[in-house]
Each structure stands twice: as C-alpha cells, then as structure tokens.
Amino acid sequence: MENDLYTPMGKGPGTSAEDWVKFYSSATVWQEIRRENEERLKRGSWDLRWLKPNGEVWGTKVNPGPHGLTFVDINRQTHLGEIAEHAEFKNMAPRGSIREPYKGLMPEFTHYDLTEKFEVWSESVTGLYEEAKARQWNAATDIPWDELEPLPEDLERAACQFATFLTEVEFVAGDFPSIWMHRIPNEFFEVKAFLASQMTDEARHAEVFRKRAVANGGGLLHAGAGFEWALKAILDAPSHTLGTFLLNILAEGLVLSMFRAGEFLAKTRVDKEIFRRCMQDEARHVSYGTMHLKYFLENAPDKEKALEIMHGYADIGEQVILTALTEPLLLEPLAVLMGDGVKNIDQGLDGVRFLWATMVEEYLQRCDRAGLSRRDQVKIPLEFPA
Amino acid sequence: MIELKVQFPSLDWLRALQGLMNENSARYQKLGYVDARIAVVIEADEGLEERKVYGLVFEAFRCIEVRDLGDPAELNPEFVMEAFYSVWKEMIQNIRENGRADLKHTLNYLSLPGIPMRVWSDDPLNRDKFFRYNQSLQEFFDASCQLETEFVI
C-alpha cells in the first residue's frame, strides 16, 4: 500500500489517527477495483455489459401527466415502485437499478440505519414531495413587502414578538429532518426527498418571519426558554417516528392552526399573505406526519407495543409542547393581535380561547386518523386553562 | 375586456370561473398544482329559495369539472364549503369591489370560526387540503371580480 499518500496532514477535524485508520480499512477493496480497471484499460478491452439486455425492464415509455413527469408516474413501473419492507442496500445504489451483482464489492454505510419501511414511510409521501416542489415560493419576492403599513406600536410589537417566536420554532423544524435524513437509505428515497423539501420550506419560514420582524421598523424581540425546551425535546426524540409525531403532528399541527388564524391575527395584507403561504407548506408536513404515524402503527412488527410506545411518548410530548404553548411570549402577543391592541387584551383572550380549542381538536382528529386515539388521555387541556 | 354577465348561483357562474382559471394557467402554475374534489353548498336564504350544490374538480393547474349536485356526497368530495347565500353574495360583491377579497372576506377568514362559512370533511387530512391549496382556491374565487354577477335578489 502506498502509505505515504495517506499521511495525516493538518490538525482539523478528520485528521486524527482514528479517522485515517477508518479510511485505510476500506482501501484494499477499492484499490482492487481500481487495479482491475487499470489493467483492463491497459489491455485495451471494452466492458460493454451494460449494453446487453440483462433482465432489466426496458422499452416501457413513461409519459408525463398533467402534473409533469412525477415520481408517481414512473413508480407505476413495478420494479421502480415496489418498495421493500427492509432495505438490503446500505449505500447509494439506486432502487430499481441492477445492483445485486455488485453487492459484495460495494461499501456499506453504517449511518444508513433506518432500514425498515415502517420507520419512515407514509403512503402520501411521493405525492407530497411533488406537491412541495410545485408550490414553492420566494420570501424575498412573492410577499408584497412594499405594501406593509405602519401599525400602532403595541400591534407592531405584538406582530414582531409573534414573528420572533415563529423564527425560533421554524428553525427546529428544519433541523429535525436533517438529523434523520442522512440515515435513510436509497430504498426510501422519496422520504428523503420530501424531508429535503420540508427543510427548504422551514428555511423559508424562518426567513420570512425574520424579515417580517424587522421590515416594518420593528425588530426581533424575545426568545423563550419554554420554547427552547420544547424544541430540544423534538431534536432529542429517540426515533424518527417519535420525533416526527412530536414535530409534524403535534407542533406543526398547532402552528398550522396558528397560521390559519393568521387571518384574524394579521393586520396587513402582507401578514395575511405570509400566513397563508406558510399554512400551505405546514399542511403538507402535517399530512406526512399523520400518514407516517398511521403507516408505523399498521406495519410495526409488534403493533401493540408500537401503540403503547406512541402513547407513552405522547404523554410526555404533549406536556413539553404545553410548556411552549403557555409561554407569555406567545399567548400575550396572540391576545393583543386578536384584540386589536393591548387595551383590548381581555377581549383578545376570547380569540385565543377559540384558537386553543381549535388547535387541540384538530390535533386529536389527526391522531384519530392515524390510529392513535388520544381523546381519553390527552395532556393538553381541551379548553384554554384560564 | 368584455365582461361576462352571469347569475349567481348557477352552473354558468362556476363555469365562467373555470374558464378564467384554465385560460390563466401561468398564474396557477406559479401557485402550484391543486388536486381536489370540492363540493360548494349555497344554503337558501334572502331570496334564494332552494339550496344549491355544485361540484368542482381540480387537477394540476386546471379546473376539469364543474357540475350540479343534488347532494355533496354524489361527488365524494374531499371537503365541502358551505355557507348561506347571503354570505356568498357578500363575498362576491366584496371581491368585485376590491379586485380580490379584502382582509375580512377571504375563504379562510370566513371559515376559520366555522361561521359564517363552514369547511368540513369526514377526514381531517382531506379537510387539510383546503389549507394546502388555499392560495389557489382564493385565486379561483377572486377571479370573479372579472364577472358581472347578477344575484337572484
């Protein structure tokens, strides 16, 4: 082995002896492949095995439909659309390609460890990914920023505090998929693609609320300790399914209701436009979360245990989200916006009461839809607790 | 521009909106596609003697079907939008006056508290399609600003 080529250089990450040992350990395999390739080139012989029919599906044309050429269209071909319950290939070899003959020569990536379909799949995920791409928007140019109108200071401050809260929580909604995405093997690439679209959506949401906070002469206001603990719980989730439940069904479901209530919270057309566009994105994430939970509960090997785990986790998850939901940095600005000013904060509380009841009921409906009935044990009060 | 004079509620009124959507595909492509079957219910009041029910079917960037329904269930809709005639009338008049719904006449504003408009579905994920496609649906109804709508009363 040409060891001098592999002498560690520098002092930064990835230069430890351990990193290099790991790198060396695979060198014998790929050096053997390289040697064979070089010998073949020296012999001047071509290897055209990919030109010959080899049992692959060939000759079936796929025409674009009204939505263009989507994954849904190409997945109608059985060999492309049939998804194994267990991913055998822990590498990048595309599902549907001729990869079996090379399996022994290919590396395995240990980080591709979400190898069971029930851990990630949702029956709606392929369509949701296509929809996500079709419904992208640009926070810089699709919001009519130049139409922002001056607001009384209490309303502007409330709008800025609410925007600060949303900037904070949207950040985690982008980070959570990133923790799990690289662990999903090629077998379930549709999920990976959808999570990538969710990260793009959440980056845009964090962007639009950050911009909203400052665009009308206000600024970012208070970050909240209660929010941070709830967000930490999402990031610390012990599995993709549990975290997806906490983020996409519970937290995003509640935020979806808030965006919908944006019609009442918004004091300008700009704010309405922001809330409406974010609402559309959020509803996709909620849909993925709900349908993934359904798939998990229906397909986990031990369904009874799966249900028990979900309930146990929801018991805690609902309480930690309640911690964020009861923060004065969220409820008070909502009441001021609902009441149209700080002098009407008590009247505004009626709006918050309505929003609270709507949020909890919609959460329970989605849980019902997924097969996780929380009605008898939900830890979030059905009615606003004051 | 020649304005169409059409009566509300009627199949023709919704077909006119269908035509406007399908002629303006660039705008809807910008907003993203819509795949939904929606029942629109106009409850009788203020001069409308009989309840009217229509079905709208959207696929990708087009409204592909508009039809009369005796009952929303005939369409197997993903969600139903229902309100009294007077509510629809006020919304349409507001759109006409402002070129689009003002802040208090959007579909979402009218339906959030469940009154005066109700958006419902037996399946919460189907109801969520009202949220997922909201901007496109608002655009669909906002296009009625281009119609000269005649009301039954």
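These numbers were taken from a predicted model, which means no experiment stands behind them. (Residues numbered from 1 in each chain as written. Chains lettered and ligands numbered in written order. Predicted model: local features only at pLDDT ≥ 70, side-chain atom pairs only at ≥ 80, totals over all residues. Heavy atoms only, no water.)

Trainee: How would you summarise the overall build of chain B if you had to cite specific residues and measurements?
Mentor: Summing up its helical and strand segments, chain B has 6 helices and 7 strands in all. What you see for chain B is a C-alpha radius of gyration of 14 Å, in line with the 15 Å of a compact globule of 153 residues. With respect to the three principal axes, the spread of C-alpha positions in chain B is 35 × 35 × 30 Å. Counting only residues that meet the buried cut, chain B has 57% of its 153 residues in that class. Pairs at least 24 residues apart make up 71% of the contacts formed inside chain B by residues separated by at least 6 positions. Here chain B displays about 6,500 Å² of accessible surface, and carbon together with sulfur accounts for 45% of that area. (Helix = DSSP H or I, 4+ residues; strand = E, 2+ residues; numbered from the N terminus. Rg over C-alpha atoms; globule rule 2.2 N^0.38 Å. Buried < 20%, exposed > 50% of the residue type's maximum accessible area, 1.4 Å probe, protein only. Contact = heavy atoms within 4.5 Å. Areas by Shrake-Rupley, 256 points an atom, 1.4 Å probe, with all protein chains shown as cover.)

Trainee: Any chance you could break down the confidence of the model for chain A for me, citing the residues and the numbers?
Mentor: All names here are of chain A. Per-residue confidence for chain A gives a mean pLDDT of 92, with 96% of residues at or over 70. The lowest-confidence element of chain A is helix α1 (residues 17–25), averaging 74 in pLDDT; the highest-confidence one is helix α7 (residues 189–215), averaging 97. This stretch, residues 1–6, has a pLDDT under 50; its non-local contacts, to residues over four places away or in other chains, come to 10 contacts. (pLDDT = per-residue confidence, 0-100.)

Trainee: An account of empty space enclosed by the protein is needed here, citing residue identities and associated values.
Mentor: All names here are of chain A. Enumeration over the complete set of coordinates arrives at 4 cavities of 30 Å³ or more. What lines the largest cavity is a set of 19 residues, among which F165, V169, L231, A251 and V255 lie closest to the centre. Listing elements by their share of the lining of the largest cavity, those giving two or more residues are α6 (153–181), α8 (225–235), α9 (240–260) and α12 (303–325). Here the lining of the largest cavity gets 6 residues from one element, more than from any other, and that element is α9. (1 Å grid on protein atoms, 1.4 Å probe; cavity = no way out; pocket = protein on both sides within 12 Å on 5 of 7 lines; lining within 4 Å. Points joined across faces, edges and corners; volume = space filled by probe spheres on them.)

Trainee: Can you break down the layout of surface pockets residue by residue, with the values?
Mentor: A volume near 490 Å³ is recorded for the largest pocket. Around the largest pocket, the lining comprises 27 residues; the ones closest to its centre are R269 of chain A together with R27, R100, E139 and D142 of chain B. Among the elements of the structure, α11 (269–299) of chain A together with α1 (11–23), α2 (25–31) and α6 (134–142) of chain B are those that each provide at least two residues to the lining of the largest pocket. Its residues assigned to classes, the lining of the largest pocket comprises 8 nonpolar, 7 polar and 12 charged. (Nonpolar A, V, L, I, M, F, W, Y, C, P; charged D, E, K, R; others polar.)

Trainee: Talk me through the packing of helix α5 (residues 125–134) of chain A against α11 of chain A; I want residue IDs and the actual numbers.
Mentor: Residues and elements named next belong to chain A. Orientation of α5 relative to α11, taken along the N-to-C sense of each, is 170°, at an axis distance of 10 Å. In terms of orientation, α5 and α11 fall into the roughly antiparallel class. Across the interface between the two elements, V125, L128, E131 and A132 of α5 pack against R284, S287 and Y288 of α11. When its residues are assigned to classes, the contact of α5 with α11 shows 4 nonpolar, 1 polar and 2 charged. (Axes fitted to C-alpha atoms, helices over the stretch in contact; angles between N-to-C directions. Parallel < 35°, antiparallel > 145°, perpendicular 65-115°, else oblique.)

Trainee: An account of the nonpolar core is requested, with residue identities and associated values reported.
Mentor: Core analysis: the largest hydrophobic core is formed by 145 residues, its most contacted members being F162 and F245 of chain A together with M81, W88 and F141 of chain B. Among residues more than four places away in sequence, those in contact with F245 of chain A are L250, L293, M310, Y313, A314, Y363, C367 and L372 of chain A. Core analysis: the second largest hydrophobic core is formed by 7 residues, A39, V41, V57 and V80 of chain B among them. (Core = buried A, V, L, I, M, F, W, Y, C linked by side-chain atoms within 4.5 Å.)

Trainee: Tell me about helix α3 (residues 85–98) of chain B, and please be specific about residues and values.
Mentor: Residue and element names in this part refer to chain B. With 14 residues, α3 ought to run about 20 Å at 1.5 Å a step, and its terminal C-alpha atoms sit 20 Å apart, in line with that. Listed as buried for α3 are Y85, S86, V87, W88, K89, M91, I92, N94 and I95. Taken from the residues just after α3, G99 is the one with a positive phi, measuring 85°. (Expected span 1.5 Å × (residues − 1).)

Trainee: Explain the interface of chain B and chain A to me, and be specific about the residues and the numbers.
Mentor: Chain B puts 32 residues into the contact, and the matching count from chain A is 36 residues. The junction of chain B with chain A conceals about 3,200 Å² of combined surface from both sides, 54% of it contributed by carbon and sulfur atoms. A per-residue breakdown of the area chain B buries against chain A is headed by Y33, L112 and R132 of chain B, which together make up 24% of the total. Where chain B touches chain A, the interface holds 5 salt bridges. Across the pair R369 of chain A and D123 of chain B runs a salt bridge, and its minimum N-O distance is 2.7 Å. At the boundary of chain B and chain A, one finds 19 residue pairs in polar contact (both at pLDDT 80 or more). Secondary-structure elements contributing two or more residues to the side of chain B that touches chain A are α2, α4 (107–111), α5 (124–132) and α6 of chain B. It is α5 of chain B that provides the largest number of residues to the side of chain B that touches chain A, a total of 7 residues. Looking at the side of chain B that touches chain A residue by residue, the class counts come to 14 nonpolar, 9 polar and 9 charged. (Buried area = accessible area lost by both parts, 1.4 Å probe. Salt bridge = Lys/Arg side-chain N within 4 Å of Asp/Glu carboxyl O. Polar contact = N/O pair within 3.5 Å; in protein donor to acceptor, adjacent residues only side chain to side chain.)

Trainee: So what about the pairing of strand β5 (residues 79–84) of chain B? Which residues, and what values?
Mentor: Residues and elements named next belong to chain B. With 5 of 6 residues buried, β5 is to be regarded as a mostly interior element. Pairing geometry for strand β2 (residues 36–43) and β5, over 6 bridges, is parallel. Looking at β5, one finds that I38 is bridged to F79. The pairing of β5 with strand β6 (residues 117–120) spans 4 bridges and is classified as antiparallel. Its bridge partner lying in β6, M81 is registered against V119. (Pairing = 2+ DSSP bridges.)

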